[in-house]
Amino acid sequence: DAKTTQPPSMDCAEGRAANLPCNHSTISGNEYVYWYRQIHSQGPQYIIHGLKNNETNEMASLIITEDRKSSTLILPHATLRDTAVYYCIFQSVYSGGGADGLTFGKGTHLIIQP
Amino acid sequence: DVKVTQSSRYLVKRTGEKVFLECVQDMDHENMFWYRQDPGLGLRLIYFSYDVKMKEKGDIPEGYSVSREKKERFSLILESASTNQTSMYLCASSFGGGTNYEQYFGPGTRLTVT
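Chemist: Give a description of the overall build of chain A that names residues and reports values.
Modeler: Per the secondary structure count, chain A includes 0 helices and 9 strands. The linear arrangement of helices and strands in chain A, starting from the amino end, is β-β-β-β-β-β-β-β-β. What you see for chain A is a C-alpha radius of gyration of 14 Å, in line with the 13 Å of a compact globule of 114 residues. For chain A, the spread of C-alpha atoms along the principal axes amounts to about 40 × 30 × 25 Å. The 114 residues of chain A split such that 45% are buried. Once local pairs closer than 6 in sequence are excluded, the contacts in chain A between residues at least 24 apart make up 58%.

Written out as structure tokens, the structure is:
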């Protein structure tokens, strides 16, 4: 199984950009990188995903290196409500119509400091 | 916005009771999932469903059953609750077509079995 490596925790000042790295050296060509986050005592929340191009949506940007061995999730202007555990995972484009369960690693606990 | 709702945020049941956890999604998603989340064990898939009346076992189905009579509703049933089923239960849904497989989660039900 493809594995991801994330730092266990990070701090970021409120209003600054939060850059969360993820290493995935064993990712295969048909696997998307997905990011989710989980705020304490809530369900996980989908943030963004990408295959090989950089992606941006209203929540974040995703930068994937050209060799696809690592990626960075960027929260451009972090707020206190962005304090959460952030998970980087893979999902295959051939994942049976999306009916595959998700497996989260330990993720990165991002703490936004006032 | 996708909305996934769960019938209860907190639930306390006695050992041996039959427990019903209800999940409803309003985005016409084909796929629905039930997970449990425990400290140190991460997210584990109990059951999923890719269509009405269809169900598949996940990684830890023992002691659970599910029902999907309508597309928008997926129920998790604990036939005879036991203390080791004390956990956070999370429901999720996803679209069954294309290659965007992001899952949308409900707020979770924290179940305590005494």
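There is more to say after this.
Chemist: Now, about the packing of aromatic side chains: what can you tell me, with residues and values included?
Modeler: Under the criterion given, the structure shown has 12 aromatic pairs over all chains. Geometrically, the ring pair formed by Tyr36(A) and Phe104(A) is tilted, given 5.5 Å between the ring centres and 45° between the ring planes. One end of the pair, Tyr36(A), is in strand E3 (residues 31-38); the other, Phe104(A), is in the loop between strand E8 (84-92) and strand E9 (108-113), and 68 residues separate them in sequence. Relative accessible area serves as the criterion here: at 0%, Tyr36(A) is assigned to the buried category. In this structure an aromatic cluster arises from ring pairing among Tyr32(A), Tyr34(A), Tyr36(A), Tyr46(A), Tyr87(A), Phe104(A), Phe33(B), Tyr35(B), Phe48(B), Tyr104(B) and Phe105(B).

Chemist: Outline the side chain of Thr109(B), listing residues and values.
Modeler: All names here are of chain B. When you line up the elements, Thr109 lands in strand E11 (residues 109-113). Take Thr109: its relative accessible area is 0%, and that puts it in the buried class. A distance of 3.4 Å separates the side chain of Thr109 from the side chain of Gln6, its partner in a polar contact. Those residues within four positions of Thr109 in sequence are excluded, and the remaining contacts are Gln6, Ser8, Arg9, Leu11, Leu21, Ser87, Met88 and Tyr89.

Chemist: Kindly report on the interface of chain B and chain A, identifying the contributing residues and their values.
Modeler: Tallying the contact residues gives 23 residues for chain B and 22 residues for chain A. Across the interface of chain B and chain A, roughly 1,700 Å² is buried in total on both sides, 51% from carbon and sulfur atoms. Across the contact surface, chain B and chain A share 0 salt bridges. At the surface where chain B touches chain A, the tally comes to 4 residue pairs in polar contact (both at pLDDT 80 or more). Of all the secondary structure elements, the ones that give two or more residues to the side of chain B that touches chain A are strand E4 (31-38), strand E5 (42-49), strand E9 (87-94) and strand E10 (104-105) of chain B. Here the side of chain B that touches chain A gets 4 residues from one element, more than from any other, and that element is E4(B).

Chemist: Outline the sheet that holds strand E7 (residues 64-70) of chain B, listing residues and values.
Modeler: Backbone-to-backbone hydrogen bonds join strands into a sheet, with any given pair of strands oriented parallel or antiparallel. Residues and elements named next belong to chain B. The strand order across the open sheet built from 4 strands is E1-E3-E8-E7, with neighbouring strands paired in antiparallel fashion. Every other strand in the sheet has two partners, leaving strand E1 (4-6) and E7 as the edge strands with one partner each. With direction set aside, neighbouring strand axes in the sheet form an average angle of 20°. In this sheet, strand E8 (residues 73-78) lies alongside strand E3 (residues 19-25) in antiparallel orientation, the contact comprising 6 bridges. Paired with Val24 across the two strands is Arg73, which belongs to E8.

Chemist: Pulling in residues and values, what's your account of the state of the cysteines?
Modeler: Per the stated rule, a full pass over the model turns up 2 disulfides over all chains. Put simply, Cys22(A) and Cys88(A) are joined by a disulfide, and their sulfur atoms are 2.1 Å apart. In this structure, the disulfide formed by Cys22(A) and Cys88(A) twists by about -80° around the S-S bond and is classed as left-handed. On the criterion of sequence distance, the pair formed by Cys22(A) in strand E2 (residues 18-23) and Cys88(A) in strand E8 is long-range, its members being 66 residues apart. The two residues Cys22(A) and Cys88(A) agree in class, both being buried. The residue that forms a disulfide with Cys23(B) is Cys91(B), at a sulfur-sulfur distance of 1.8 Å. In this structure, the disulfide formed by Cys23(B) and Cys91(B) twists by about -75° around the S-S bond and is classed as left-handed. With Cys23(B) in strand E3 and Cys91(B) in strand E9, this residue pair connects regions lying 68 residues apart in the sequence.

Cut-offs and rules
Every residue gets a number counted from 1 within its own chain, in the order that chain's sequence is written. Working convention: letters from A go to chains and numbers from 1 go to ligands, in the order in which they are written. Confidence filtering applies because this is a predicted model: local features only for residues at pLDDT of at least 70, side-chain atom pairs given and counted only at 80 or more, and all residues used for totals across whole chains, interfaces and linings. Heavy atoms from the whole structure form the basis of all side-chain values; hydrogens and water molecules are not counted. Helix and strand assignments come from DSSP, with helices taken as H or I runs of at least 4 residues and strands as E runs of at least 2, each series counted from the N terminus. The atom set for the radius of gyration is the C-alpha atoms, and the globule formula is 2.2 Å times the number of residues raised to the power 0.38. Note on exposure labels: buried denotes an accessible area under 20% of the residue type's maximum, exposed denotes more than 50%, and partly exposed covers the range between, all computed with a 1.4 Å probe on protein chains only. Two residues qualify as a contact provided that any one of their heavy atoms is within 4.5 Å of a heavy atom in the partner residue. Planes of paired rings set the category: under 30 degrees apart is stacked, over 60 is edge-to-face and the rest tilted, where pairs are Phe, Tyr or Trp rings (Trp by its six-membered ring) whose centres lie within 6.5 Å. As used in this structure description, the phrase polar contact means that two N or O atoms lie within 3.5 Å; if the pair is within protein, one of them must be able to donate a hydrogen and the other to accept it, and residues adjacent in sequence are counted only when both atoms belong to side chains. As a working definition, buried area equals the accessible area (1.4 Å probe) given up by two parts on being put together, with both sides summed. Salt bridges are identified by distance alone: a Lys or Arg side-chain nitrogen within 4 Å of an Asp or Glu carboxyl oxygen. Whether two strands pair comes down to DSSP finding at least two bridges between them. For every element, the axis is a line fit to its C-alpha atoms; helices are fit only across the contacting stretch, and the angle between N-to-C directions ranges from 0 to 180 degrees. Pairs of cysteine sulfur atoms within 2.5 Å are identified as disulfides in what follows.

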